[in-house]
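What follows is each chain in one-letter form.
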Amino acid sequence: MLSTCHTPVMTATDGTGRSVDYLRISITDRCNERCLYCMPEGFADWKERDEILSFEEILRVARVAAKLGFRKFRVTGGEPLVRKSAPELIAELARIPGVESIGMTTNATRLASLARPLREAGLKTVNISLDALTPSVYRRITGGDVNAVLEGIYAAMNAGFEKVKLNMVLIRGMNENEIRPVLHFAAEHRLALRFIELMPVSLTEMLSEKNFLPAGEVMQRLAEHDTLTPLGEVRLGHGPAKYYRLEKIGVTVGFIGAITNLHFCEACNKIRLTADGKIRPCLGNHGEYDLKPALRGEGGEAAIREIFQQALAEKPPEHLFRENYQPSRIMTAIGG
Ligand code: SAM
Ligand code: SF4
């Protein structure tokens, strides 16, 4: 549902009245890592190249989104930096009238050489996944090399982004002992750190109850040794994290408790564009709206706009993760 107020600025609202102005754009389903919670072991069923939207198609969608009131874009994947020419796409997105902020979520393995070109192209913020600092633990979870990630983080810090944040997915028994080292790393480099609860968003066996570590439990543990001061309504981004200041360590931490926070969806302000051209209004609901026929056939901008409007009107009020939700696509295909 779209509403035009009396001001000339259009805002998009969904069927429940939430204002939706944040589009996460997945530019590839491919990745150079293999996170246990994201990609099934041995997965290689990548989309064919012609199934994936070209940059020109992504830009057409983004231009319509901006006209409908979307102000914030986040480029993600898969791993967005495995797709060639990502800085060129960012530069084009930054030229779209009305766009206020462009961010990227990345595993940072390729950021060492790309941080500066991305910043120069107009990327404002970067969220970097860092599930562990101990090389063997990092490798066990992601299959990758933590040293490449650290180089990427340092490059991002030097490139002058407005914000660089760290994301850590909580996995019981696997990276619990990494929480403290990552916290100290974040404090040392003055980076905010967000803890993310495991979500059943992918087709991997490890997304089971026994690996689930609730954000509240981590908060409690941190509060045993430190003072957690809520930062209230302060928002350090456009996402759903609740932020606190850990006073002794001196670091800002966020908690993304999609499963345990019963109010998680109330302020949801985003929808997703998958790499293969589908609007996904909710990560935890199967509904998708295919833009490819409009992009590659008849209809043009009007048809794209109509599909956006339908996706917004039918955006579910909340996710189904607590209802024995069974994912049907892997996370990289949807876009994180
Ligand atoms: N490759 C980039 C990265 O890892 O940052 C971007 C894509 S990734 C799918 C986006 C985010 O989703 C990452 O922070 C990742 O940790 C998170 N993620 C992936 N699978 C998840 C799961 N099952 N539960 C919670 N978070 C997940
Ligand atoms: Fe790749 Fe990111 Fe998924 Fe890890 S979380 S497998 S880095 S897309």
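Computed from a prediction, not measured in an experiment: that's the story for all the values here.

Q: How should the confidence of the model for the protein chain be read in this particular structure?
A: Low-pLDDT portions of the prediction should not be read for the details of their coordinates. Across the protein chain, the average pLDDT comes to 90, with 94% of residues at or above 70. Taken as a whole, residues 1–8 scores under 50 in pLDDT and shows 18 contacts with residues more than four places along the chain or in a different chain.

Q: Please explain the site of ligand 2 as it appears in this structure.
A: Taken together, the residues surrounding ligand 2 are Cys31, Glu33, Cys35, Tyr37, Cys38, Met39, Gly78, Asn107 and Thr332. Considered class by class, the residues forming the shell around ligand 2 number five nonpolar, three polar and one charged.

Q: For this particular structure, what's the right way to read the packing of helix α1 (residues 55–68) against helix α2 (residues 86–94)?
A: The description of two helices packed together rests on the angle between their axes and the distance between the axes. At a minimum axis distance of 10 Å, the contact between α1 and α2 shows a crossing angle of 25 degrees. Between α1 and α2, the angle is such that the two are roughly parallel. For the pair α1 and α2, the sense of crossing is right-handed. Across the interface between the two elements, Phe55, Ile58, Leu59, Ala62 and Arg63 of α1 pack against Leu89, Glu92 and Leu93 of α2. Residue classes in the contact of α1 with α2 are distributed as six nonpolar, no polar and two charged.

Q: Sorry, what's going on with the site of ligand 1 here?
A: Close to ligand 1 lie 20 residues; Tyr37, Gly78, Glu79, Ser129 and Met199 are nearest. Between ligand 1 and Tyr37 there is a distance of 3.0 Å, counted from a nitrogen atom to a backbone nitrogen or oxygen. In the environment of ligand 1, an oxygen atom lies 2.6 Å from a nitrogen or oxygen atom belonging to the side chain of Ser129. Alone, ligand 1 offers 540 Å² of accessible surface; in the complex the protein occludes 95% of this. For the shell around ligand 1, the residue count by class is nine nonpolar, nine polar and two charged.

Q: Sorry, what's going on with the sheet that holds strand β3 (residues 22–26) here?
A: Note: strands within a sheet are paired through backbone hydrogen bonds, in either parallel or antiparallel orientation. Spatially, the twelve strands line up as an open sheet ordered β9-β10-β11-β8-β7-β6-β5-β4-β3-β12-β13-β14, and their pairing is mixed. Lying at the two open borders of the sheet, with one neighbouring strand each, are β9 (228–230) and β14 (289–290). Pairing between strand β6 (residues 125–129) and strand β7 (residues 163–170): five bridges, direction parallel. When the sheet's bridge partners are listed, Ser129 is paired in β7 with Asn167.

Q: Whenever I open this one, the side chain of Thr76 confuses me. Can you help?
A: The residue Thr76 is located in strand β4 (residues 72–76) in this model. Residues in contact with Thr76, not counting those within four places in the same chain, are Arg24, Ile25, Ser26, Ile27, Thr28, Thr105, Gly335 and Gly336.

Q: For this particular structure, what's the right way to read the pattern of salt bridges?
A: Between side chains of opposite charge, a pair can form when the charged atoms approach closely. This model, assessed by the stated rule, comprises eleven salt bridges. A salt bridge links Glu57 to Arg296; its shortest N-O distance comes to 2.7 Å. Residue Glu57 is located in helix α1, and its partner Arg296 is located in helix α8 (residues 292–296); the two are separated by 239 residues in the primary sequence. A salt bridge links Arg280 to Glu288, with the shortest nitrogen-to-oxygen separation between them at 2.9 Å. Judged by its relative accessible area of 25%, Glu288 falls in the partly exposed class.

Calculation criteria
- In this convention, every chain numbers its residues from 1, walking through the sequence in written order.
- Chain letters and ligand numbers both follow the written order, the letters beginning at A and the numbers at 1.
- Per-residue local features of the predicted model are confined to residues with pLDDT of at least 70, and side-chain atom pairs are confined, for both listing and counting, to 80 or more; whole-chain, interface and lining totals are unaffected and use all residues.
- With hydrogens and water set aside, each side-chain value is computed from the structure's full complement of heavy atoms.
- A residue's pLDDT is simply how confident the predictor is in it, with values from 0 to 100.
- We call two residues in contact whenever any of their non-hydrogen atoms come within 4.5 Å of each other.
- We call a residue near a given molecule or strand whenever any one of its heavy atoms falls within 4 Å of it.
- Residues are sorted three ways: Asp, Glu, Lys and Arg are charged, Ala, Val, Leu, Ile, Met, Phe, Trp, Tyr, Cys and Pro are nonpolar, and all the rest, Gly among them, are polar.
- The axes are straight lines fitted to the C-alpha atoms, using for helices just the contacting stretch, and the angles between their N-to-C directions are given from 0 to 180°.
- Secondary structure elements follow DSSP: runs of H or I no shorter than four residues count as helices, runs of E no shorter than two count as strands, and numbering proceeds from the N terminus.
- To sort the angles, those under 35 degrees are grouped as roughly parallel, those over 145 as roughly antiparallel, those from 65 to 115 as roughly perpendicular, and the leftovers as oblique.
- The crossing is said to be left-handed when, going from far helix to near helix, the turn is anticlockwise and less than a right angle, and right-handed when the turn is clockwise.
- Pairs of N or O atoms are called polar contacts if they sit within 3.5 Å, as long as, within protein, a hydrogen donor faces a hydrogen acceptor (for residues adjacent in sequence, only side-chain-to-side-chain pairs).
- Areas reported here follow the Shrake-Rupley algorithm with a probe of radius 1.4 Å; residue values treat only the protein chains shown as occluding.
- Pairing between strands is defined by DSSP: at least two bridges between the two strands are required.
- For this analysis, a salt bridge means a side-chain nitrogen from Lys or Arg found within 4 Å of a carboxyl oxygen belonging to Asp or Glu.
- A 1.4 Å probe rolled over the protein chains alone gives each residue an accessible area, and that area as a share of the maximum for its type sets the label: buried under 20%, exposed over 50%, partly exposed in between.

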